[in-house]
Amino acid sequence: MQVPAQVEYERAVSVGHALTLLARYGPRAAVLAGGHSLIPMMKLRLAQPETLIDINALSELRYVEVADGELRVGALARHADLLESAVVGERFAILHDAEQVIADPVVRNWGTVGGSLCQSDPSEDLSAAFAALKATLVITGPDGTRTVPARRFHTGPYETVVAPGELLTEIRVPASPGGGSAYAKVCRRAGDWPLAAAGAMLAVDGGTIVEAGIGLTAVGSRHFCASEAEEHLSGAPATPERLAEAGRIAAQHCRPVSDQRGPASYKRHLAGELTVRALRRALLRARAGER
Amino acid sequence: MRITVIVNGASHTREVEPRLLLIHFLRDDLGLTGSHWGCDTSNCGACVVWLDETPVKSCTVLAAMADGHRVRTVEDLERGGVLDPVQQGFTECHGLQCGFCTPGMMMTARALLDRNPNPTAAQVREALSGQICRCTGYENIVRSVLWASARQAEADPARPGGPALDGRGPA
Ligand SMILES: Cc1cc2nc3c(=O)[nH]c(=O)nc-3n(C[C@H](O)[C@H](O)[C@H](O)COP(=O)(O)OP(=O)(O)OC[C@H]3O[C@@H](n4cnc5c(N)ncnc54)[C@H](O)[C@@H]3O)c2cc1C
Ligand code: FES
Ligand code: FES
């Protein structure tokens, strides 16, 4: 029987209250969102906080909205909220692609977008999706609010720039006119973590790629992105050859390791192949939007 | 800590440790052993209950998180001696063998039919995809849920119609 060790519990009722509680309990406190990563880690003693600050009552952090073309997702939005949002499906299709293959519908009911990013698991899907979209993350602390690019948010496995006493409060995705996006993942069985997955965002003008974003997860890419492959695409003609070459570059630069999910060579192959698949689909969607 | 949870319409106040998992609160503190405790790792879905209106895996939720909230378990499906259409479906279509996965399957199925009274077989499979059955091969579970959908449509013609019943339930 797996049970967490002794812990204290506090329920925050507002962002301000959560910050007060985090300040009071210090670095041995942990934010409890859906708990679908934290509670399993506590059961295994991989995490042993002294106090849990439950933020599930912060309905002010649970929203998915588009304002000024920009997508804003509250940190407490559940995976299911992203999946149910029609505007996300239309304009940020990569997030629907990804959410459809993250865990299962019951886990998605309760796990949160903010919790997924803060967990910083090297195989987290949303980290790659938001890296591809070049999202900005909003962090709130005792001294106010700061923003950090998604690509500077993760500092290592299970580590982020969120300091003790701070909360991730919002994820912002810029509008990309003429853009399309997509996500492609391979896993061992439905609802499992990825062996490898790739997200792509392409903005095109005529036949030219004006902006490219590529996110990779589970293959050891720094900051969950494939910047060398992106460079090969921006300003280039949107041809199948270019996309294929971008896939080769992405595969070359990632650093997968062999584990129970699969050998490194297979993961590297997948990184390239999935990058190309996501790019192709993103391009089709960008073109469909142009018409 | 002291928590108050409305379980199946009845309010229960108990002194609990903050680390207590909701599944153990339901089974051990309240004696509601209908919800099953299986994998302990949020993979099997035997422990699914509703937290307010939302199906959750209760082995991965603290009882403390349910303080002040409503919980619905499989014990609440039957009302006044009448089985829920989902329970009838499982009976009619042989939707269980050992029955270990059944409470979780039924709570997820009930939530699905409340939101989408007329799902396709693919939608039923997707909804139940986070739940493991070691006995049935899933075929009869899907049939059971479709049977319930059809029975509801028959009982209440105002609902969006499910597939027609043919004695054996929809294939
Ligand atoms: C069976 C199963 C399958 C899964 N499959 C996948 C998968 O295929 N792909 C995938 O990407 N993920 C998968 N997950 C992970 C799931 O998406 C995340 O565990 C979950 O959504 C994390 O969110 P949470 O709200 O539960 O976070 P919690 O567990 O509550 O928190 C995780 C960490 O983030 C911190 N935290 C949470 N919110 C904040 C905040 N707002 N500010 C600061 N810190 C915060 C917590 O302190 C903790 O350290 C799976 C999980 C399960 C249980
Ligand atoms: S016991 Fe909760 S998912 Fe298996
Ligand atoms: S009926 Fe035995 S596990 Fe499903």
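Each remark here, short or long, concerns the structure printed above.
Everything in this summary refers to the structure shown in the same document. Given the structure is predicted, the values throughout are model-derived calculations rather than measurements.

1. Topic: the packing of aromatic side chains
Reasoning step 1: The full count for this structure, using the stated rule, is 0 aromatic pairs over all chains.
Reasoning step 2: When the ring centre of W110 of chain A is taken as reference, the NZ or CZ atom of R78 of chain A above it lies at 3.9 Å.
Reasoning step 3: Sitting above the plane of the W50 of chain B ring, R72 of chain B keeps its charged end 4.9 Å from the centroid.

2. Observations regarding the site of ligand 1
Reasoning step 1: Close to ligand 1 lie 31 residues, the nearest being V31, S37, L38, T112 and D125 of chain A.
Reasoning step 2: Near ligand 1, the surrounding residues belong to chains A and B.
Reasoning step 3: One nitrogen or oxygen atom from the main chain of V31 of chain A is found 2.6 Å from an oxygen atom belonging to ligand 1.
Reasoning step 4: Interatomic distance of 2.8 Å between a backbone N/O atom of G34 of chain A and an oxygen atom of ligand 1.
Reasoning step 5: Coverage of ligand 1 by the protein amounts to 93% of the 970 Å² it exposes when considered alone.
Reasoning step 6: If you list the elements that add at least two residues to the shell around ligand 1, you get strand 2 (29–32), helix 7 (113–119) and strand 10 (167–173) of chain A.

3. What to know about the pairing of strand 7 (residues 144–149) of chain A
Residue and element names in this part refer to chain A.
Reasoning step 1: Where strand 6 (residues 136–141) and strand 7 come together, 6 bridges link them in antiparallel fashion. Paired with T140 across the two strands is T145, which belongs to strand 7.
Reasoning step 2: Between the antiparallel neighbours strand 6 and strand 7 lie 2 residues.

4. Quick notes on empty space enclosed by the protein
Over the atoms rolls a probe the size of a water molecule, and in doing so it shows where empty space is left.
All names here are of chain A.
Reasoning step 1: Taken as a whole and judged by the stated rule, the model has 1 cavity of 30 Å³ or more.
Reasoning step 2: In this structure, the largest cavity spans a volume of roughly 30 Å³.
Reasoning step 3: Along its surface, the largest cavity is lined by L117, S127, F130, A131, L137, A150, F153, H154 and H223.
Reasoning step 4: The element contributing the most residues to the lining of the largest cavity is helix 8 (residues 125–132), with 3 residues.
Reasoning step 5: In the lining of the largest cavity, the residues fall into 6 nonpolar, 3 polar and no charged.

5. Concerning the interface of chain B and chain A
Reasoning step 1: Facing 31 residues of chain B, the contacting portion of chain A comprises 27 residues.
Reasoning step 2: When chain B packs against chain A, the two sides together hide about 2,300 Å² of surface, and 62% of this comes from carbon and sulfur.
Reasoning step 3: On the chain B side of the contact with chain A, R19, T60 and M65 of chain B bury the most area, a combined 28% of that side's loss.
Reasoning step 4: Inspection of the region where chain B meets chain A yields 3 salt bridges.
Reasoning step 5: For D104 of chain A, the salt bridge is made with K57 of chain B, and the minimal N-O distance between the two is 2.8 Å.

6. Structural notes on the sheet that holds strand 13 (residues 208–217) of chain A
Residue and element names in this part refer to chain A.
Reasoning step 1: Here we have 3 strands laid out as an open sheet, ordered 11-12-13, and antiparallel in their pairing. Here the strands that pair on one side only, and so sit at the sheet edges, are strand 11 (179–187) and strand 13. Put simply, the sheet's adjacent strands are angled 15 degrees from each other on average, direction ignored.
Reasoning step 2: Sheet topology places strand 11 next to strand 12 (residues 194–205); 9 bridges connect them, and they run antiparallel. Bridged to C187 within strand 12 is P194.
Reasoning step 3: Helix-sheet contacts for helix 5 (residues 93–100) involve strand 11 and strand 12, and the interaxial angle to strand 11 is about 15 degrees.

7. Some thoughts on the packing of helix 2 (residues 85–92) of chain B against helix 3 (residues 102–115) of chain B
All names here are of chain B.
Reasoning step 1: In the contact formed by helix 2 and helix 3, the axes pass within 9 Å of each other and the chain directions differ by 125 degrees. By the angle class used here, helix 2 and helix 3 are oblique. At the point where helix 2 passes helix 3, the crossing takes the right-handed sense. Contacts from P85, V86, Q87 and F90 in helix 2 reach T102, M105, M106, A109, R110 and L113 in helix 3.
Reasoning step 2: Of the residues contributing to the contact of helix 2 with helix 3, the split by class is 7 nonpolar, 2 polar and 1 charged.

8. Let's talk about the sheet that holds strand 6 of chain A
All names here are of chain A.
Reasoning step 1: Ordered by their spatial adjacency, 5 strands build an open sheet running 4-5-10-6-7, and the pairing between neighbours is antiparallel. Of all the strands in the sheet, just strand 4 (64–67) and strand 7 have a single pairing partner and so form its edges. The average angle at which neighbouring strand axes cross in this sheet is 25 degrees, direction not considered.
Reasoning step 2: Relative to strand 5 (residues 70–74), strand 4 runs antiparallel, the two being bridged by 4 bridges. The residue bridging V64 from the neighbouring strand is V73, located in strand 5.

The rules behind these values
Residues numbered from 1 in each chain as written. Chains lettered and ligands numbered in written order. Predicted model: local features only at pLDDT ≥ 70, side-chain atom pairs only at ≥ 80, totals over all residues. Heavy atoms only, no water. Phe/Tyr/Trp six-rings, centres within 6.5 Å; stacked < 30°, edge-to-face > 60°. Lys NZ or Arg CZ within 6 Å of the ring centre and 35° of its normal. Near = heavy atom within 4 Å. Polar contact = N/O pair within 3.5 Å; in protein donor to acceptor, adjacent residues only side chain to side chain. Areas by Shrake-Rupley, 256 points an atom, 1.4 Å probe, with all protein chains shown as cover. Helix = DSSP H or I, 4+ residues; strand = E, 2+ residues; numbered from the N terminus. Pairing = 2+ DSSP bridges. 1 Å grid on protein atoms, 1.4 Å probe; cavity = no way out; pocket = protein on both sides within 12 Å on 5 of 7 lines; lining within 4 Å. Points joined across faces, edges and corners; volume = space filled by probe spheres on them. Nonpolar A, V, L, I, M, F, W, Y, C, P; charged D, E, K, R; others polar. Contact = heavy atoms within 4.5 Å. Buried area = accessible area lost by both parts, 1.4 Å probe. Salt bridge = Lys/Arg side-chain N within 4 Å of Asp/Glu carboxyl O. Axes fitted to C-alpha atoms, helices over the stretch in contact; angles between N-to-C directions. Parallel < 35°, antiparallel > 145°, perpendicular 65-115°, else oblique. Left-handed = near helix turned anticlockwise from the far one by under 90°.

Honestly, that's just the spatial picture; any functional story needs more than this.
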